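A look at the structure
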Amino acid sequence: MLDIKFLRTNADEVKNGLRKRRSKLDLEQFLVIDQKRRDLLLETEDLKARRNQSSGEISRMKKTGENADSLLAELATMSTRIKALDEELKNIDQQTSDWIMSIPNVPHPSVPDGVDETDNLEVRTWGVKPEMTFSPKEHWELGTALGGLDFETAAKITGSRFVILKGWAAKMERALISFMLDVQTMENGYDEVMPPVIVNRESLMGTGQLPKFEEDLFHLENTNYYLIPTAEVPVTNIYRDTTLTEVQLPIAHCAYTACFRSEAGSYGKDTKGMIRQHQFDKVELVRFVHPDSSYDELEKLLGHAESILRKLGLPYRVVTLCAGDLGFSSAKTYDIEVWLPGQGKYREISSCSNFEDFQARRAAIRFKPAAGKKSQLVHTLNGSGLAVGRTMVAILENYQQEDGSVVVPEVLRPYMNGLDRIELKKG
RNA sequence: GGAGAGGUGGCCGAGCUAGGCCGAAGGCGCUCGCCUGCUAAGCGAGUAUAGGGGCUUAAACCUCUAUCGAGGGUUCAAAUCCCUCCCUCUCCGCCA
């Protein structure tokens, strides 16, 4: 959510931002509503001030035994009028907040112009794509053949876009989670939390998934509860309605959770394999920082996510999302895309964003400056560190051998009882 | 699931069954000043948030409105009365 005063005084900047995003929102419409709202507010508050004053008058008259009947009658009609105005105001307030909640964040000046993912800007590449003398297989083929991935049984017990991990795959999932959390807590300074994977509506409003993207979420029937689409939601909301002190910043949390997405509108996309599941594991990194340093913090966060891929020896590239591809709440996002030899392309494995004060304003996350000045909004950032399932996909495809076996990356072996190679058991 | 207690300012804690200068006593904490060789103590003042309007380059400031878990209702007027919901705590039951 943007600052309403900022909207009024910097309307042109916001309009430019919306245009850059290819958004169809017409800010003028909002400005008209806003003006109407303020006029109404003025009238209502003025009337209330008079009522409050006269009410005090009545109190005094009753004490002295004077007759207050005429004043009482006058106030009765005034109160009716106020009630009507309040009703009107409530209406227009709703309109205003609907508007504000639906305006996306303004892209940072460094965000490249563009329409969709084809306009994203490559920042750097890392690693060497493995050379294969054979035609590389896709992960679902490898994983299924090696007995680790079972999509069919998952489809039976639940439905499409679910998987059962078996044996080495289940173990590798667990190993990856532990490995990622260990790196982030022991090397990169994150405090680990394990939050609820069910959250209420208010939390989803705070981070910006609601009210606009209800259809992407799993909603528990007849409740105020939703399954989280990312740990960003519960972790960011830890500090909802909280005023921190400046010395506490930056706060850095990492969290492993399962994530749940309805994937509405993605029919036909990645229908095979583990790339796009309704339920998947992710280690998330969340940072609460001073506004002055949030873009340095974004680079830091990105580095923390990259460090996992480097340790695993998985080649990747970093891209800056263009304005048209930018998420609703984000001012700037880097995607990390890992190389998948089986698919022959880079696929997103992490998304690192600076939301500036967009989420902080919605969620009321502030800090009190050391100088004792007025509290101000923090900047929030988050990124995957990393998507666990997709990491397994990348390992399978990058470390596959001609005979269909898969070498286990060295850093992962201690987490898998020293297992160094996944191969089909004979017999 | 059953029975009960409770949610008030940074914290503690009055007020709530006689509804009326209550945004809210008192205390603690904090800030600024005074005082004191230093410290402690003492004295004085201040100390919520959001929104609107005024003033301003801006801030400060002034003023109004709202906020005593949330949302409704009664009333000229609600922290105080009524309804619904949420949360916390205690006891019992159940349970990984």
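Residues numbered from 1 in each chain as written. Chains lettered and ligands numbered in written order. Predicted model: local features only at pLDDT ≥ 70, side-chain atom pairs only at ≥ 80, totals over all residues. Heavy atoms only, no water.

**Describing the nonpolar core**
If you look at the biggest cluster of nonpolar residues, it comprises 52 residues, and the most contacted ones within it are Leu176, Ile395 and Leu412. Here this core takes 10 residues from helix α7 (residues 168–186), the largest share from any one element. Those residues in contact with leucine 176 that sit more than four places away from it in its chain are Leu312, Val388, Thr391, Met392, Ile395 and Leu412. Counting residues in each nonpolar core, the second largest holds 29 residues, with Met1, Ile58, Trp99 and Val106 among its members. (Core = buried A, V, L, I, M, F, W, Y, C linked by side-chain atoms within 4.5 Å. Buried < 20%, exposed > 50% of the residue type's maximum accessible area, 1.4 Å probe, protein only. Helix = DSSP H or I, 4+ residues; strand = E, 2+ residues; numbered from the N terminus. Contact = heavy atoms within 4.5 Å.)

**So, the protein's contact with RNA strand B**
Neighbouring RNA strand B are 22 residues, the closest being Arg8, Ala49, Asn52, Ser59 and Ser79. Those atoms of RNA strand B that come within 4 Å of the protein belong to sugar or phosphate at a rate of 78%. In this structure, a phosphate oxygen belonging to RNA strand B sits 3.0 Å away from a side-chain N or O atom of asparagine 52. Where the surface near RNA strand B is concerned, the elements lending two or more residues are α1 (4–9), α3 (27–64) and α4 (69–102). Sort the elements by how many residues they give to the surface near RNA strand B and α3 lands first, with 13 residues. Among the residues forming the surface near RNA strand B, the class breakdown is 7 nonpolar, 4 polar and 11 charged. (Near = heavy atom within 4 Å. Polar contact = N/O pair within 3.5 Å; in protein donor to acceptor, adjacent residues only side chain to side chain. Nonpolar A, V, L, I, M, F, W, Y, C, P; charged D, E, K, R; others polar.)

**Overview of α7**
In a regular helix each residue adds 1.5 Å, so 19 residues correspond to 27 Å; α7 covers 26 Å between its end C-alpha atoms and thus fits that length. Considered for burial, the residues of α7 that qualify are Trp168, Ala169, Met172, Glu173, Ala175, Leu176, Ile177, Phe179, Met180, Leu181, Val183 and Gln184. (Expected span 1.5 Å × (residues − 1).)

**Section: the sheet that holds strand β1 (residues 121–126)**
One open sheet holds the 8 strands; their spatial order is β1-β10-β11-β12-β15-β9-β8-β4, and the pairing between them is mixed. Either end of the sheet is taken by a strand with one partner, and the two such strands are β1 and β4 (191–193). Averaged over neighbouring strand pairs, the angle between their axes works out to 25° when direction is ignored. Sheet topology places β4 next to strand β8 (residues 251–260); 3 bridges connect them, and they run parallel. Within β8, the residue paired with valine 193 across the bridge is alanine 255. Lying on the sheet, helix α10 (residues 294–312) is in contact with β1, β9 (279–289), β10 (316–320), β11 (332–340), β12 (345–354) and β15 (379–387); it crosses β15 at an angle near 10°. (Pairing = 2+ DSSP bridges. Axes fitted to C-alpha atoms, helices over the stretch in contact; angles between N-to-C directions.)

**Let's talk about helix α2 (residues 11–20)**
For α2, the full list of buried residues reads Ala11, Val14, Gly17 and Leu18. Taken around the axis of α2, the buried residues stretch over an arc of 125°, which confines them to a single face. Among the exposed residues of α2, those pointing more than 90 degrees away from its buried face are Asp12 and Arg19. One or two positions beyond α2, positive phi appears at arginine 22, with a value near 65°. (Arc of directions from axis to C-beta.)

**A word on the side chain of histidine 379**
Along the chain, histidine 379 turns up in strand β15. Residue histidine 379 is classed as buried on the basis of its relative accessible area of 10%. Within the structure, the side chain of histidine 379 is placed 2.8 Å from the side chain of serine 294, a separation counted as a polar contact. With residues up to four places along the chain from it excluded, the contact list for histidine 379 reads Arg287, Phe288, Val289, Pro291, Ser294, Asn354, Glu356 and Asp357.

**What about the pattern of salt bridges?**
Scanning all chains against the criterion turns up 24 salt bridges. Between lysine 282 and glutamate 284 there is a salt bridge, and its shortest N-O distance comes to 2.6 Å. The pair formed by lysine 282 and glutamate 284 is uniform in burial state, with each residue classed as buried. In this structure, glutamate 337 and arginine 317 form a salt bridge, with 2.7 Å as the shortest nitrogen-oxygen distance. Here glutamate 337 is found in strand β11, whereas its partner arginine 317 is found in strand β10, with 20 residues between them in sequence. (Salt bridge = Lys/Arg side-chain N within 4 Å of Asp/Glu carboxyl O.)

**With respect to the packing of α7 against α10**
Their axes nearest at 10 Å, the elements α7 and α10 cross at an angle of 125°. As far as their axial angle goes, α10 and α7 are oblique. Between α7 and α10 the crossing geometry is right-handed. Between α7 and α10, the contacting residues are Leu176, Phe179, Met180, Val183 and Gln184 on the first element and His304, Ala305, Ser307, Ile308, Lys311 and Leu312 on the second. For the contact of α7 with α10, a count of residues per class yields 7 nonpolar, 3 polar and 1 charged. (Parallel < 35°, antiparallel > 145°, perpendicular 65-115°, else oblique. Left-handed = near helix turned anticlockwise from the far one by under 90°.)

**Some details on the packing of aromatic side chains**
Inspection of the entire model under this criterion finds 7 aromatic pairs. Residues phenylalanine 179 and tyrosine 415 carry aromatic rings whose centres are separated by 6.0 Å and whose planes lie at 70° to one another, so their mutual orientation is edge-to-face. Here tyrosine 415 lies in the loop between β16 (406–407) and β17 (421–422) and phenylalanine 179 lies in helix α7, a separation of 236 residues in the sequence. Ring centres of tryptophan 339 and tyrosine 346 lie 5.1 Å apart, and the angle between their planes is 65°; on these two criteria the pair is classed as edge-to-face. Through a chain of ring-to-ring contacts, three or more aromatic side chains come together here, namely Phe213, Phe328 and Phe358. Geometry around tryptophan 339 places lysine 129 over its ring, the cationic atom sitting 4.0 Å from the centre. The ring of tryptophan 140 carries the charged tip of lysine 272 above its face, separated from the ring centre by 4.8 Å. (Phe/Tyr/Trp six-rings, centres within 6.5 Å; stacked < 30°, edge-to-face > 60°. Lys NZ or Arg CZ within 6 Å of the ring centre and 35° of its normal.)

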